[in-house]
Amino acid sequence: MDGHIATMPPPAMPATGLSRLVGRLDHAVGTVVETIAAVLVLAEIVILGAGVTARYAFHAPLVWSDELASILFLWLSMLGAVVALRRGEHMRMTGLVARVSPSTRSLLEAVAITAAIAFLVMILPHALDYAEEERFIVTPALEIANSWRAAALPIGITLMLFAAFCRLLRFGSWKPVLLAAGLTAILIILFWLLGPVLKPLGKLNLVIFFVGLVAANVFAGVPIAFSFALATFGYLSLTTSTPMVVMVGRLDEGMSHLILLAVPLFIFLGALIEMTGMARAMIQFLASLLGHVRGGLSYVLVGAMYLVSGISGSKIADMAAIAPVLFPEMQKRGAKPGDLVALLSATGAQTETIPPSIVLITIGSVTGVSIAALFTGGMLPAVVLGIALCFVVWWRNRGEDLSHVTKYSKREIGKLCLIAAPAIALPFVIRAAVVEGVATATEVSTIGIAYAVLAGILIYRQFDWRRIKGMLVDTASLTGAIIFIIGCATAMAWGLTQSGFSQDLAKIMAAVPGGTWGFLAISIVAFVILGSVLEGIPAIVLFGPLLFPIAKQIGVHEVHYAMVVIFAMGIGLFAPPFGVGYYGACAISKINPDEGLKYIWAYIAALLIGLVIVAAVPWFSIGFL
C-alpha cells in the first residue's frame, strides 16, 4: 500500500490578480494546516511514548492516553487528508491519464478535482449532523463531549473543499475546468433522475455502483478514496433508505481504529532511519559482505529491503532509504537501470509481510486477526520469496566481470559490522518489545523512534533538526491519504455487506472446485488483480472482512491466508502496467518506467512461484505461532 503515485500538478495559471490572491490564501491556510498536522504527529508520539513509560517503568498506566491519542488521531487523519489534497498526494491510478493527449489529460485532471468537490459538498451537511449528534456522548476517561473528536470530520471536509477549489482556480486553463464542472454536474443530475429506475434493480446496483462507477472513476484518475466514496454515497442515497449520517459514521469508524495509529509513527520512523544514517550503515555492511560476489549488490538489495522493512513499515519509506544509497554503486559496476528498478519493485512485493508492515497492521485492524501472530507469521514467508528472487539474480549475473571489484578484508568487514550493529538491532528491539509485552503494536513505534533519535544523535552523529518539520508534515500527508482511503473503503465495505453481498460471495467462493486449494487459488488471482487496480490497503479493507471468515470456515488458518493474500496483493501492486507501486519505485529511483518492463517479468514469475510454495506449505506461515 502503501506505494502511491502523486497527482500530476496542473499547469501553472498565468499570474493574474485572482491567481495571486488565491495563491496567497492557499499558502496561508496550507501553512497553518501543515503546522497543526505536524504538531499532532509529534503529540501522538509523545502521548503514546508517555503511556508506555508510565505503564512499564512506573507501573502507573495513564488511563486517558489511548483516548486522547484516538481523539487527536482523527484530527491528524483529516488534516493530513487536507495536506494530501492540497499537494496532490492522494492515491490514484494515472496509467490511463498519462497516456492520453495533453488536452484530454487536462480535462481528466480537472475531473479528478471536481469529482472530489462533488462528494465533499454532498457529504458536508451530514458530517455536520453527525458531529452535532455526537455531543450527547461523553468519553469515558476524559469525560468530554465526543463532538470534540467528531468535529474533525466537518472541519476537515470544509478545508478539503477550500484546497480543492484553490487547485481549480489556479488551473492552467478555464476550459477544462468548466468542462469538468459541467460533466460532473450532469452526471450527478442524471443519477439523481435515474433514482426511481435504479431502486427496483436490487443487487444489480452493486455492479452499477461498485464495479461500473468505481472503475470509471479510478481509470479516469479520480483519487481512489473519492472513487469509493462517490460510489458508496450514490448507492446508499439512490437505492436504499439509509440516512447519509450513517455513512459518515462508517467513515469515522474506519478512520478511528486505534491500531492505525501505528501508521504515522512508522512512516516517521522510516524517515528517521534514512535521515540518521542508520539505513546507510546497514547497507554498507551488507555490501562489504557480498560486494565481491557475482550479483552481490543485488543480493544486498534483497537483504536490505528485508531489514529496512522491519523498521519503517512503509514500502515508500523502505525504497527511499535504500535506492539513493545502493543504486549509484550498482550502476558503477555496470548494472542496468531497468534491472535495478525491476528488482527494487519486486522486493517491495516480497517484503510486504515483514513486521511491522502497515499492511499487516491494517489487516489485523479490519479482520480481528492477532497483530502479534501476523508479525510472527510474516518473517519466514518473505524469506521464501526472497530466495526465489535471489535465484533470478544468480541466473542473470552468472557471467558478471568482477576483476575491478575490491574485496573487503575481515578487519574492514568487522569495522562496518560494528558501525551497523545499532541499526541492525532496531528491528529486533521492536519485535522484542511487542513479544515481551513492553508495548502494543501501536505503541512499539515510539520505542523505535526514541531508539533512532538516540542512535542518530549519540552514535551516528547525524541528526538534522531542520528536516524534522518537513518530515512531520510529509508523515501527516501520507497518513491522511492512507487513513482517508481506509475510511472510505470501510464505508463501501459496509454498504456491500448490508446488501447481502458477503453471503453471495461466500456461496460463490464455497462453490469453487478444489476445496481449500481452489479457494486459495482463486484468492491469489483475485488479489493480484485487486492489488493492481485498487492498491493494497483499500483492497484489504474492502475484501478482508468478507473473505477471512470464509477462509476460516473452510479450514484455512487466518495467518496463513493473510500471508497468501498480502503477497498476491503485493505482486499486483508492484507489477506494471497498472501497479502503482512499480511507478513509485521508478519515481524514487529516478528511472524511466519503460526501462524496467523487460526485466521485471522474470522477478514477477519468481514471486509467483514463491507465493505458490507459501500457499502450499502452511508451515512457513504458522510454524512458529
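Criteria and cut-off values
- Residues numbered from 1 in each chain as written.
- Predicted model: local features only at pLDDT ≥ 70, side-chain atom pairs only at ≥ 80, totals over all residues.
- Heavy atoms only, no water.
- Helix = DSSP H or I, 4+ residues; strand = E, 2+ residues; numbered from the N terminus.
- Rg over C-alpha atoms; globule rule 2.2 N^0.38 Å.
- Buried < 20%, exposed > 50% of the residue type's maximum accessible area, 1.4 Å probe, protein only.
- Contact = heavy atoms within 4.5 Å.
- Areas by Shrake-Rupley, 256 points an atom, 1.4 Å probe, with all protein chains shown as cover.
- Salt bridge = Lys/Arg side-chain N within 4 Å of Asp/Glu carboxyl O.
- Expected span 1.5 Å × (residues − 1).
- Bend = angle between axes of the 7 residues up to and from the residue.

1. A word on the overall build of the chain
Here's step 1: Check the secondary structure of the chain and you find 28 helices and 0 strands.
Here's step 2: Whereas a compact globule of 625 residues would reach a radius of gyration of roughly 25 Å, the chain reaches 24 Å, a difference of no more than 12%.
Here's step 3: Taking the principal axes of the C-alpha coordinates as reference, the chain spans close to 75 × 55 × 55 Å.
Here's step 4: For the chain, buried positions account for 58% of its 625 residues.
Here's step 5: Put simply, 82% of the contacts in the chain that link residues at least 6 apart link residues at least 24 apart.
Here's step 6: Here the chain has roughly 24500 Å² of accessible surface; of this, 69% comes from carbon and sulfur atoms.

2. Some words on the pattern of salt bridges
Here's step 1: The tally for this structure, following the rule as stated, stands at 13 salt bridges.
Here's step 2: Between Glu34 and Arg87 there is a salt bridge, and its shortest N-O distance comes to 3.8 Å. Remark: Arg87 occurs in helix α2 (residues 65–87) and Glu34 occurs in helix α1 (residues 17–56); sequence separation between them is 53 residues.
Here's step 3: Overall, Glu34 belongs to the buried group, its relative accessible area being 17%.

3. Quick word on helix α19 (residues 410–435)
Here's step 1: The first and last C-alpha atoms of α19 sit 35 Å apart over 26 residues, in line with the 38 Å expected at 1.5 Å per residue.
Here's step 2: By the largest-angle criterion, Ala420 marks the main kink of α19, which is about 50 degrees, and a proline, Pro422, follows within four residues.
Here's step 3: Ile413, Leu416, Ala420, Pro422, Ala423, Leu426, Pro427, Ile430, Ala433 and Val434 are the residues of α19 that are buried.
Here's step 4: Gly437 sits one or two residues past α19 and shows a positive phi near 80 degrees.

4. A word on unusual backbone geometry
Here's step 1: Phi is positive for Glu143, close to 55 degrees, though the residue is something other than glycine.
Here's step 2: Within the secondary structure, Glu143 is located in the loop between α3 (102–133) and α4 (147–150).
Here's step 3: When its relative accessible area of 61% is taken as the criterion, Glu143 is described as exposed.
Here's step 4: With a phi close to 50 degrees, Arg461 is a non-glycine residue in the positive phi region.
Here's step 5: Mapped onto the fold, Arg461 is located in the loop between α20 (444–459) and α21 (468–498).
Here's step 6: Classification of Arg461 by relative accessible area gives exposed; the value is 69%.

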